[in-house]
Amino acid sequence: MTLAIAVVALVATVLTVTELARRLDVSAPLLLTIVGVGASFLPFVPPLVVSPELVLVGLLPPLLYAASVKTSLVDLGANRRNIGMLSVALVAFTAIGVGLALWWLFDVPLPLGIAVGGVVAPPDAVAATAVGRRIGLPRRIVTVLEGESLFNDATALVLVRLGILALGSALSVGAVVGQVAWTSIGGVGIGLVVAQVLTWVRRRVTDPISGTAISFLAPWLAYLPAEELHASGVLAVVVAGVLLGHRAPVIQSATSRVADRINWATAQFILENGVFLLIGLQAKGIIERITATPAGVSRALLMSLVVLAAVVVLRPLWVIPLRFLMGDPQDRRDQLRSSVIVSWAGMRGVVTLAAAFTLPVGVPDRDAFVLAALVVVAGTLLVQGSSLPWVARRLDVHGPDPREDVLQTATVMRSAVTAGLRELDRLAAPTEPPLPDGLVDQLRTMAERRVHAVWEQLGAPSGTERPDGSGGAMVETPSESYRRARTAMLQAERTEVLRLRDLGTIDHEVLAAVLASLDVEESVVTSVSERQGALRERLVLTPESSKGDCLHLREAPVGIEPVTPDGCADCLRDGTTWVHLRLCLTCGNVGCCDSSTGRHATAHHHATAHPVMRSIEPGEGWRWCYIDELLG
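Predicted model, so just to flag it, every value in this text is computed and none were measured.

Conventions and cut-offs
Residues numbered from 1 in each chain as written. Predicted model: local features only at pLDDT ≥ 70, side-chain atom pairs only at ≥ 80, totals over all residues. Heavy atoms only, no water. Buried < 20%, exposed > 50% of the residue type's maximum accessible area, 1.4 Å probe, protein only. Helix = DSSP H or I, 4+ residues; strand = E, 2+ residues; numbered from the N terminus. Pairing = 2+ DSSP bridges. Contact = heavy atoms within 4.5 Å. Axes fitted to C-alpha atoms, helices over the stretch in contact; angles between N-to-C directions. pLDDT = per-residue confidence, 0-100. Patch = residues over 30% accessible without salt bridge, like charges linked within 9 Å, V, L, I, M, F, W, Y side chains within 5 Å. Areas by Shrake-Rupley, 256 points an atom, 1.4 Å probe, with all protein chains shown as cover. Salt bridge = Lys/Arg side-chain N within 4 Å of Asp/Glu carboxyl O. Parallel < 35°, antiparallel > 145°, perpendicular 65-115°, else oblique. Left-handed = near helix turned anticlockwise from the far one by under 90°. Nonpolar A, V, L, I, M, F, W, Y, C, P; charged D, E, K, R; others polar.

Peer 1: I would appreciate a short explanation of the pairing of strand β3 (residues 612–615) in the present structure.
Peer 2: For a regular strand, side-chain orientation follows a simple rule: the groups alternate between the two sheet faces. Because side chains alternate across β3, one face comprises the buried residues Val612 and Arg614, and the other comprises Met613 and Ser615, equally buried. Pairing geometry for β3 and strand β4 (residues 623–625), over three bridges, is antiparallel. Following the sheet pairing, arginine 614 is matched in β4 by arginine 623.

Peer 1: Even after reading the chapter, I still don't get the sheet that holds β4, so can you show me in this structure?
Peer 2: The strands making up a sheet are joined through hydrogen bonds of the backbone, oriented either antiparallel or parallel. Sheet architecture is open: five strands sit in the order β2-β1-β3-β4-β5, paired in antiparallel fashion. Of all the strands in the sheet, the pair left with one neighbour each is β2 (590–592) and β5 (630–631). The sheet contact formed by β4 and β5 spans two bridges and is antiparallel. Opposite cysteine 625, over in β5, you have leucine 630 as the bridge partner. Docked against the sheet, helix α24 (residues 600–608) engages β1 (581–584) and β2, running at close to 120 degrees with respect to β2.

Peer 1: Can you walk me through the pairing of β1 in this structure?
Peer 2: Neither face of β1 is open: one carries Leu581 and Leu583, the other Arg582 and Cys584, and all of them are buried. Examined bridge by bridge, β1 and β2 share three bridges and lie antiparallel to one another. The partner of arginine 582 across the bridge, within β2, is glycine 591. Counted along the chain from β1 to the antiparallel partner β2, the turn is five residues long, and its residue glycine 588 has a positive phi close to 85 degrees.

Peer 1: Sorry, what's going on with the confidence of the model for the protein here?
Peer 2: In regions of low pLDDT, the predicted coordinates are not meant to be interpreted in detail. Residues of the protein with pLDDT of at least 70 account for 88%, and the chain-wide mean is 82. For the protein, per-element mean pLDDT is lowest for helix α7 (residues 125–135), which scores 62, and highest for α24, which scores 93. A low-confidence stretch, residues 467–472 stays under pLDDT 50, and its non-local contacts, those more than four residues away or across chains, total eight contacts. Per-residue pLDDT stays below 50 along residues 529–537; that stretch engages in 24 contacts with residues further than four places along the chain or on separate chains.

Peer 1: Is there a simple way to explain a nonpolar patch on the surface in this structure?
Peer 2: Together, Ile96, Leu100, Trp103, Trp104, Leu105 and Leu110 give the surface a local cluster of nonpolar side chains, amounting to about 640 Å² of exposed area. For leucine 110, the location among the structural elements is in helix α6 (residues 110–120). Overall, the relative accessible area of 32% leaves leucine 110 in the partly exposed class.

Peer 1: Any chance you could explain the packing of α6 against helix α17 (residues 366–394) here in plain terms?
Peer 2: The axes of two packed helices give the description: the angle between them and the distance between them. Where α6 meets α17, the closest approach of the two axes is 10 Å, and the angle between their N-to-C directions is 30 degrees. For the element pair α6 / α17, the angle class is roughly parallel. Crossing of α6 over α17 shows right-handed handedness. Side by side, α6 and α17 meet where Leu112, Val116, Val119 and Val120 of the first sit next to Phe369, Ala373 and Val376 of the second. Residue classes in the contact of α6 with α17 are distributed as seven nonpolar, no polar and no charged.

Put into structure tokens, the structure is as follows:
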């Protein structure tokens, strides 16, 4: 009963504190650590000692898997050089630097100092990416931080292991190289094997519940064999997770992917926030043990502050010069800004404290090193985690404009729908079994509506004043009308089903199935976010990553004088209403978008074959080639 109460209290505290952090717009890991430290000194809170086995075997594998399965294999490949220099070289640089500082200032044996350096060297994936996403860092920086945090734990744990081994006996260079090679190659190899086996299994297990249960086993299926063979369990989990996440759209059904996503999101939320609370709850016990040692608290605190200062200073000393040496000489200013952000996003977390507890009990100053690990975790969260938003604002470093995301989404959706329509044409061919009358037109309309719903997120939101100064308000887009009407219909349908349920005349399983189908459709309808409120005021051009290149885009001008600057020429003539406006870059005709009643911009292209149009909505400067269906 005591354990059950403790678990309930931990989860309830995590939920309360994370919600408070969200409302206050502060870092949840930092606030949870502070709450944990404060709670550890309360008289009714029992002393807490988290064993390293619990963290390294119980918590680390699922946390790594949850992060890696959502990580892009393509992005990791594109940033592999930066990730490698951070997750391997920087960890070794930090460990050696901390070891030299402890050896020089406190006469700590150098191997032990390097082991302690390995303990505090790896930044935490949860802390770094939580802060990065909350403040809106560029995606490439977040990808680098995620990749570093996924792979650096393996390097750090190897350094800790080698440092401890070197305390008892001299290690030859060959032994060190062999250990490192086997740890890396063995971990990657086992991860590949596990990924292949689970790929085969998941192709054949179609039940979503069974599939989710298999996914919960995956972290330990990779971690435990690797650790048993003295390879890197961290690398095995990360490799298996990244590959399975990359293959999920092919080897799993849509229902299975949705189930995995929901269940893993819940587990990850509890675990990744709970570990920071557990870190803080150990503060009192650590301090009490140090107080009982002959050296006392003062030396331990001084040692902790030196280690904290070292990890904070060593990271920019490595990152900033390296980025200048490896980067493009033509882009020094952006490199400096991104280097400062990456070097300041060095928050430590659960692996640091867990690795500290793996130090042998008999080593000198062990409790002081454990305190140092706690100080580094709390200190980096407090100093770097709380100031990183300010640093990003001062450097004008921010994530992509939400409208740029809409443009990329529209490009992807247009390509996907075009492929689907080609398949629909094939199915409607005379050689295929005939489709029912009207079905082809219905499916074509549904496909086009999905594309239009994305484009409609651009431009001014409905209810705002028209950009032409006519005094009228922007009309409700077709997608907004559909969501409003369908949501009202779903509420009425659910009310009727609940009325039938209360009568008690229909089986519960039938009612549950109907309610579930309504919930699925409502979640799809309401999942379309209203992004207009988050849009920035600067001009939105086509994102570089989505820019197409064709002859028509190259030959088209950036802009041209509109023939009718006050609106769509055909709508003004016919008295119809437009949603968004498009400018033909060949003749200057102004037409309305495909979500409008007349679709006059596309009609103008079909009539004239003029290939490229440009948005003339306020704050938008992107172009579209009708012929090649490319943004430019």
